[in-house]
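# Secondary and tertiary structure notes
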Amino acid sequence: MREFNAVVFGAGGVGKSALTVRFIRNEFVENYDPTIEEEYRRTIEVDGELSWLEVLDTAGAEQFTALNEVYIKSGRGFILVFSLTQEASLQEVEHLRQQIYRIKGENSRVPIVLVGTKLDLANEREVERAALEDIAARWGVPFYETSAKRDWNVHDVFEDLVRQMRLR
Ligand code: GTP
Ligand code: MG
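Now for a look at the structure at hand. Sequence order as written defines residue numbering, which begins from 1 separately in each chain. Lettering for chains starts from A, numbering for ligands starts from 1, and both go in the order in which the items are written. At least 70 in pLDDT is required for a residue's local features to be given in this predicted model, at least 80 for side-chain atom pairs to be given and counted, and no such filter applies to totals for whole chains, interfaces and linings, which use all residues. To obtain the side-chain values, all non-hydrogen atoms of the structure were used and water was disregarded.

Now for the overall build of the chain. The helix and strand tally for the chain stands at five helices and six strands. Per the convention used, a helix needs a DSSP run of H or I reaching at least four residues, while a strand needs a run of E reaching at least two, with both numbered from the N terminus. What you see in the chain, going N to C, is helices and strands ordered as β-α-β-β-α-β-α-β-α-β-α. The globule rule used here is 2.2 Å times the number of residues to the 0.38 power, and the radius of gyration it is set against is calculated over C-alpha atoms. Relative to the globule expectation of 15 Å for 168 residues, the C-alpha radius of gyration of the chain, 15 Å, shows essentially globular dimensions. The principal-axis extents of the C-alpha atoms in the chain amount to approximately 45 × 35 × 30 Å. Taken over 168 residues, the chain has a buried fraction of 47%. Residue contacts are defined here by distance: any two heavy atoms, one from each residue, within 4.5 Å place the two residues in contact. Put simply, 71% of the contacts in the chain that link residues at least 6 apart link residues at least 24 apart. Working note: accessible area of the chain is about 8,600 Å², and carbon and sulfur atoms make up 44% of it. For the chain, the centre of its 21 positive side-chain charges and the centre of its 29 negative side-chain charges are spaced 4 Å apart. Note on exposure labels: buried denotes an accessible area under 20% of the residue type's maximum, exposed denotes more than 50%, and partly exposed covers the range between, all computed with a 1.4 Å probe on protein chains only. Surface accessibility in these figures is a Shrake-Rupley result with a 1.4 Å probe; residues are shielded only by whichever protein chains are displayed. The convention is simple: Lys and Arg are positive, Asp and Glu are negative, and His and the chain ends are not counted. Taken as the charge centre is NZ of Lys, CZ of Arg, CG of Asp or CD of Glu, depending on the residue.

Along helix α4 (residues 129-139), the residues that are buried comprise L132, I135, A136 and W139. Mapping the buried residues of α4 onto a view down its axis gives an arc of 95°, with all of them on the same face. Of the exposed residues in α4, those oriented more than 90 degrees away from the buried face are D134, A137 and R138. A positive backbone phi angle near 70° is found at G140, which sits one or two residues after α4. The arc in question is the one traced by the directions running from the helix axis out to the C-beta atoms.

Mapped onto the secondary structure, R97 falls in helix α3 (residues 87-104). The charged side chain of R97 is buried without a salt bridge, its nearest counter-charge being E94 at 4.3 Å. When a carboxyl oxygen of Asp or Glu lies within 4 Å of a side-chain nitrogen of Lys or Arg, that pair is called a salt bridge.

Pairing of aromatic side chains requires ring centres within 6.5 Å, counting the rings of Phe and Tyr and the six-membered ring of Trp. Pairs whose planes differ by under 30 degrees are stacked, by over 60 edge-to-face, and all others tilted. The full count for this structure, using the stated rule, is three aromatic pairs. Ring centres of F9 and Y71 lie 6.3 Å apart, and the angle between their planes is 50°; this geometry places the pair in the tilted category. Placement of F9 in strand β1 (residues 2-10) and of Y71 in helix α2 (residues 68-74) is noted, with a sequence separation of 62 residues between them. By relative accessible area, which is 2% here, F9 ends up buried. What makes Y71 buried here is its relative accessible area of 7%. With a centroid separation of 6.1 Å and an interplanar angle of 5°, the aromatic rings of F9 and F78 are classed as stacked.

Moving on: the packing of helix α1 (residues 16-25) against helix α5 (residues 154-167). Packed helices, taken two at a time, are described by the angle between their axes plus the distance between the axes. A fitted line through C-alpha atoms represents every axis, and for helices the fit uses only the stretch in contact; the resulting angles, taken between N-to-C directions, go from 0 to 180 degrees. Orientation of α1 relative to α5, taken along the N-to-C sense of each, is 85°, at an axis distance of 9 Å. Relative to α5, α1 is oriented roughly perpendicular. Residues L19, T20, R22 and F23 of α1 pack against V154, H155 and F158 of α5. Residue polarity is assigned by list, with Asp, Glu, Lys and Arg as charged and Ala, Val, Leu, Ile, Met, Phe, Trp, Tyr, Cys and Pro as nonpolar; anything else, Gly included, falls into the polar class. Classifying every residue of the contact of α1 with α5 by side-chain character gives four nonpolar, two polar and one charged. By the definition adopted for this analysis, an angle is roughly parallel if under 35 degrees, roughly antiparallel if over 145, roughly perpendicular if from 65 to 115, and oblique otherwise.

In short, the description is geometric, and any link to function would need to be established separately.
This is the structure:
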């Protein structure tokens, strides 16, 4: 079986762990417990082919971002996570994307998926779908609006990334 690894990046509290744990264990993490670093593994079937996927859930907290370079070097694919309820978290993702290309090489085709979380919190939404479409088109990456709480579109994120990683 082929093996792939993915790194989950994004600002603190945007829902990286909730997204990851929903995918890995199909549970919703209600309590906020800031991550230092967590590694998970599971098999995933995409288009009839089973693979192992290792998922590295990183810390959003500022004091840990020195590790990003190490994660980028060892990561094959990246899930860039922001919260649809927090405009500023989208800027953080933009910064992470630049860092990835700087380290991987500007011309490399890095598997990336852009993910907006907390889609269920419709009343608190700050990022318009149109804005997200623009950014994703400019970057040439797929995007998903998700809810770890309601289990909306979570599996699709990981499937898409595996599909991209197989090709590259
Ligand atoms: P750090 O580990 O500090 O970087 O944060 P994180 O990005 O891992 O955030 P985490 O997944 O811990 O989620 C932060 C808070 O947001 C938690 O209380 C979650 O329950 C909540 N949350 C995450 N995803 C969702 C979602 O889809 N909907 C709702 N309503 N809440 C969510
Ligand atoms: Mg976390």
